[in-house]
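# Understanding the architecture of this molecule
Listed here are the chains, written in short residue letters.
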Amino acid sequence: MSAGAALNSGYSYRERVRPQAAGLSVLDYYARFYPHSDRQTWAARLAAGEVELNGHPAAGSESLRPGDRLAWHRPPWAEEAVPLHFSVLYEDMHILAVHKPSGLPTLPAGGFLDHTLLALLRRQWPAATPLHRLGRGTSGLVLCSLTPAAGSRLTADWREGRIHKRYRALSAGVAAQEKYDITAPIGLVDHPRLGQIYAATPAGKPSRSRAQVLERRGGSTLFQVDIETGRPHQIRIHLASAGLPLLGDPLYLPGGQARPDALPGDLGYLLHAERLEFRHPAGGEHLSLSAPVPPELSSGFSSSG
């Protein structure tokens, strides 16, 4: 099912002013660091009293100092319709694993607050906390903790590379090799429309993906991808850096850079989090959990029938 047009309850975005913003006005700060809205829109929000500086309404002309407290109290808004469902793959008193559909954001961001997996989960499990984030367009397995102890243990295992992650992806173009060991560093780069975005860059953090061809389909290639790190958009960036961007990806070009004319959005590609293997945070037993692969990412799939 999809969501209707009901308003959410609004949200307050709170932050501390970063050192590099010292001396900027409040208006300049928001216009520079949050370019998803133009300067005129931020000025209108300030005039409407939506922004506070150190607990007091901000006019916009105030000069900022590092550590100042800013808050934008966003009024209620109608969120974009998304699939508002998921299925449970595993549950005990410590952890929860669910199957997220493509199109549903994992966590609040941008224009999404109530229309997120997190909001849906917490209606039934108030302590549920996703331990990793799938892109909005990515389907598949999301692992959540249900207790602080389980979350702490699994977060440490994730950081130390003790959790094995496997995906399926459909790339544009026909792979020339059977296997790819991709190590392009990933980090934030400037973008003319989106401010900053993750992409392949020599200044980025070390990253590693191992991709294996499962099937070649005319002008596309079905891959199994195991990732040793978990950088944002890692598989999309890495396959693009190898000259094989995901089929239909609106953002990444061959080479792993973002399209200069890209607009906000995270749909159009086929990527699925298929499997997680890890030690149970309480009992220590080995668990291998999987989410059913969508037909389009199954070997032998034919769009013509």
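Everything quoted here is computed from the prediction, not taken from an experiment. (Residues numbered from 1 in each chain as written. Predicted model: local features only at pLDDT ≥ 70, side-chain atom pairs only at ≥ 80, totals over all residues. Heavy atoms only, no water.)

A separate point is the overall build of the protein chain. When helices and strands are tallied, the protein chain shows five helices and 16 strands. On C-alpha atoms alone, the protein chain measures out to a radius of gyration of 21 Å, which is about the 19 Å that the 2.2 N^0.38 rule sets for 305 residues. Each principal axis of the C-alpha atoms in the protein chain carries an extent, and together these give about 60 × 45 × 40 Å. Out of the 305 residues in the protein chain, the part that is buried amounts to 45%. Accessible surface for the protein chain amounts to roughly 14800 Å². Of this, 53% is attributable to carbon and sulfur atoms. Of the charged side chains in the protein chain, 32 are positive and 27 negative, and the gap between their average positions amounts to 3 Å. (Helix = DSSP H or I, 4+ residues; strand = E, 2+ residues; numbered from the N terminus. Rg over C-alpha atoms; globule rule 2.2 N^0.38 Å. Buried < 20%, exposed > 50% of the residue type's maximum accessible area, 1.4 Å probe, protein only. Areas by Shrake-Rupley, 256 points an atom, 1.4 Å probe, with all protein chains shown as cover. Lys, Arg positive; Asp, Glu negative; His and termini not counted. Charge placed at Lys NZ, Arg CZ, Asp CG, Glu CD.)

Turning our eyes to something else, we now look at the environment of Arg122. As for its placement among the helices and strands, Arg122 is situated in helix H3 (residues 117–124). We classify Arg122 as partly exposed; its relative accessible area is 37%. The residues contacting Arg122, other than those within four sequence positions of it, are Ala128 and Thr129. (Contact = heavy atoms within 4.5 Å.)

To continue, consider the packing of aromatic side chains. This model, assessed by the stated rule, comprises eleven aromatic pairs. With a centroid separation of 5.7 Å and 90° between ring planes, the pair formed by Tyr29 and Tyr30 is classed as edge-to-face. In terms of burial, Tyr29 and Tyr30 fall into one category: buried. Assessed through its relative accessible area of 0%, Tyr29 is described here as buried. (Phe/Tyr/Trp six-rings, centres within 6.5 Å; stacked < 30°, edge-to-face > 60°.)

Scanning all chains against the criterion turns up one cavity of 30 Å³ or more. Roughly 50 Å³ of internal volume is contained in the largest cavity. Lining the largest cavity we find His132, Leu141, Trp158, Lys165, Arg166, Tyr167, Ala273, Arg275 and Leu276. Tallied by class, residues from the lining of the largest cavity come to five nonpolar, one polar and three charged. (1 Å grid on protein atoms, 1.4 Å probe; cavity = no way out; pocket = protein on both sides within 12 Å on 5 of 7 lines; lining within 4 Å. Points joined across faces, edges and corners; volume = space filled by probe spheres on them. Nonpolar A, V, L, I, M, F, W, Y, C, P; charged D, E, K, R; others polar.)

Here we come to the side chain of His99. Within the fold, His99 resides in strand E6 (residues 95–100). The buried category is assigned to His99, whose relative accessible area is 18%.

Moving on: the sheet that holds strand E1 (residues 11–16). Across the sheet, which stays open at both edges, the four strands sit in the order E1-E4-E2-E3 with antiparallel pairing between neighbours. In this open sheet, the two strands that pair with only one neighbour each are E1 and strand E3 (56–57). Sheet analysis places strand E2 (residues 51–53) next to strand E4 (residues 69–74), joined by three bridges and oriented antiparallel. When the sheet's bridge partners are listed, Val51 is paired in E4 with Trp72. The sheet contacts of helix H1 (residues 26–33) involve E1, E2 and E4, and relative to E4 the element is tilted by about 70°. (Pairing = 2+ DSSP bridges. Axes fitted to C-alpha atoms, helices over the stretch in contact; angles between N-to-C directions.)

A few words now on unusual backbone geometry. In this structure, Asn54 is a non-glycine residue whose phi angle is positive, near 55°. Mapped onto the fold, Asn54 is located in the loop between E2 and E3. Even without being a glycine, His233 presents a positive backbone phi close to 55°. Position of His233 among the secondary structure elements: in the loop between strand E14 (220–227) and helix H5 (234–241). A relative accessible area of 29% places His233 in the partly exposed class.

If you add up the space inside the second largest pocket, you get close to 170 Å³. Lining the second largest pocket are Ile186, Gly187, Tyr198, Lys205, Thr229, Gly230, Arg231 and Pro232. Of the residues assigned to the lining of the second largest pocket, the class counts are three nonpolar, three polar and two charged.

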